[in-house]
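Examining the three-dimensional arrangement
Here's the letter readout for the chains.
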Amino acid sequence: MSKKVVILATHGFEESELSSPKQHIEQQGWTAHIVSPESGSIKSWSGKDWGKSYDVDKTIDEVSASDYDALVLPGGVINPDILRINEDALKLIKAFFEQKKPVAAICHGPWSLINAGVVEGRKVTSVKSVSTDLKNAGAIWSDEEVVVDNGLVTSRTPEDLPAFNKKLVEEINEGKHSMQHA
């Protein structure tokens, strides 16, 4: 059965943390839509400088969690810092949790999960610099390449992408997770 996945991002996302999951999702024969607060294209961050631009498939106001099977939140420092104060982005993130659908966040991506109010009591990982923020929000943080907690998949850095992508697909194949909650 074909699946549809939202990759929520804006300018300054870590390029590999969007391109690698997108490619992996599409290799399953599924659809991955890049969704952003703005239309047109968004510019990635790659290494120590700006990277390629990626076309936005839909804006946040054009999508609903009910139309998709899962959500992916790439990291980078700029991207999640912008998204975590965007009310529409936070509503969309929360809706995936309320509908008990898989959500995957990597690197700084969990910043948006904190502001959406969905990490308390959840097992997660992230880039080390976000660990205190997650702990302060009530999450149970551990330094592992990938952590899965009832449909919530988190990883630390681009080096963890193979494990992240594998678990993302596994959780999407499992479908809704009864313990996933907002």
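Worth saying up front: this structure is predicted, and the values here are computed from it rather than measured.

**Regarding the overall build of the protein**
The number of helices and strands found in the protein is six helices and twelve strands. In terms of overall dimensions, the protein is globule-like: its C-alpha atoms have a radius of gyration of 14 Å, near the 16 Å expected for 182 residues. On the principal axes, the C-alpha backbone points of the protein span a range of 40 × 35 × 30 Å. Here the protein holds 182 residues, and the buried ones make up 53% of them. For the protein, long-range pairs separated by at least 24 residues make up 66% of all intrachain contacts whose partners lie at least 6 apart in sequence. A total accessible area of about 7,900 Å² is found for the protein, and carbon and sulfur atoms account for 46% of it. Between the centroid of the 20 positive side chains of the protein and the centroid of its 27 negative side chains there is a distance of 4 Å.

**Examining the environment of Ser-16**
Relative to the elements of secondary structure, Ser-16 occurs in helix α1 (residues 15-27). Taking the C-alpha atoms as reference, Ser-16 lies 9.6 Å from Gly-47; in sequence the two are 31 residues apart. With residues near it in sequence (within four places) discarded, Ser-16 still touches Pro-21, Pro-158 and Leu-161.

**Comments concerning the sheet that holds strand β4 (residues 41-46)**
One open sheet accounts for three strands, arranged β2-β4-β5; its pairing is mixed. Each edge of the sheet is formed by a strand with only one pairing partner; in this case those strands are β2 (13-14) and β5 (49-55). Note that β4 and β5 share five bridges and pair antiparallel. Within β5, the position partnered with Ser-41 by the bridge is Asp-55.

**So, the packing of α1 against helix α6 (residues 161-174)**
In the contact formed by α1 and α6, the axes pass within 10 Å of each other and the chain directions differ by 45°. In terms of axis orientation, α1 runs oblique to α6. The chirality of how α1 crosses α6 is right-handed. Residues Ser-16, Glu-17, Ser-20, Pro-21, His-24 and Ile-25 of α1 pack against Leu-161, Phe-164, Asn-165, Lys-166, Leu-168 and Val-169 of α6. When the residues that make up the contact of α1 with α6 are grouped by side-chain class, the tally is six nonpolar, four polar and two charged.

**Regarding the nonpolar core**
Within the largest apolar cluster, 57 residues are counted, with the highest numbers of intra-cluster contacts made by Leu-8, Ile-93 and Leu-113. In terms of residue count, helix α3 (residues 87-98) provides more of this core than any other element does, seven residues in total. When residues no more than four places from it in sequence are discounted, the contact partners of Leu-8 are Val-35, Ile-60, Leu-71, Val-72, Leu-73, Pro-74, Leu-83, Ala-89, Leu-92 and Ile-93.

**Digging into the pattern of salt bridges**
Scanning the entire structure with this criterion turns up seven salt bridges. The residue Glu-26 makes a salt bridge to Lys-22 at a minimum N-O spacing of 2.5 Å. Of the two residues, Glu-26 and Lys-22 are both situated in helix α1; the distance of four residues between them amounts to about one turn of the helix. Owing to a relative accessible area of 18%, Lys-22 belongs among the buried residues under this scheme. Asp-160 is paired through a salt bridge with Arg-156; the nearest N and O atoms lie 2.9 Å apart. On the basis of relative accessibility, which here comes to 22%, the residue Arg-156 falls in the partly exposed class. Three or more residues are tied together by salt bridges with common partners; here these are Asp-143, Arg-156 and Asp-160.

Rules behind the numbers
Residue numbers restart at each chain and count upward from 1, following the sequence in its written direction. Given that this is a predicted model, residues contribute local features only at a pLDDT of at least 70 and side-chain atom pairs are listed and counted only at 80 or more, while totals for whole chains, interfaces and linings are drawn from all residues. Side-chain metrics rest on all non-hydrogen atoms present in the structure, leaving aside hydrogens and water. A run of H or I in DSSP becomes a helix once it reaches four residues, and a run of E becomes a strand once it reaches two; helices and strands are each numbered from the N terminus. Just to be clear, the radius of gyration here is over C-alpha atoms, and the globule rule we use is 2.2 Å times residues to the power 0.38. Whether a residue is buried, partly exposed or exposed follows from its accessible area with a 1.4 Å probe, protein chains only, as a fraction of its type maximum: under 20%, in between, or over 50%, in that order. The contact rule is simple, with two residues in contact once any of their heavy atoms fall within 4.5 Å. Surface exposure here means Shrake-Rupley accessible area, sampled with a 1.4 Å probe, where a residue is shielded only by the protein chains that are shown. Charged residues are defined narrowly, with Lys and Arg counted positive, Asp and Glu counted negative, and His plus the chain ends left uncounted. Where a charge lies is defined by one atom per residue type, namely NZ (Lys), CZ (Arg), CG (Asp) and CD (Glu). Whether two strands pair comes down to DSSP finding at least two bridges between them. Axis lines are fitted to C-alpha atoms, over the contacting stretch for helices. Their N-to-C directions set the angle, which ranges from 0 to 180 degrees. Here the angle decides the label: under 35 degrees means roughly parallel, over 145 means roughly antiparallel, 65 to 115 means roughly perpendicular, and every other value means oblique. Left-handed describes a crossing whose near helix is turned anticlockwise from the far helix through less than a right angle; right-handed describes the clockwise counterpart. For this scheme, ten residues count as nonpolar: Ala, Val, Leu, Ile, Met, Phe, Trp, Tyr, Cys and Pro. Four count as charged, namely Asp, Glu, Lys and Arg, and the remainder, Gly too, count as polar. The nonpolar core is taken to be a set of buried Ala, Val, Leu, Ile, Met, Phe, Trp, Tyr and Cys residues, with the residues joined through side-chain atoms within 4.5 Å. Counted as salt bridges are all cases of a side-chain nitrogen of Lys or Arg within 4 Å of a carboxyl oxygen of Asp or Glu.

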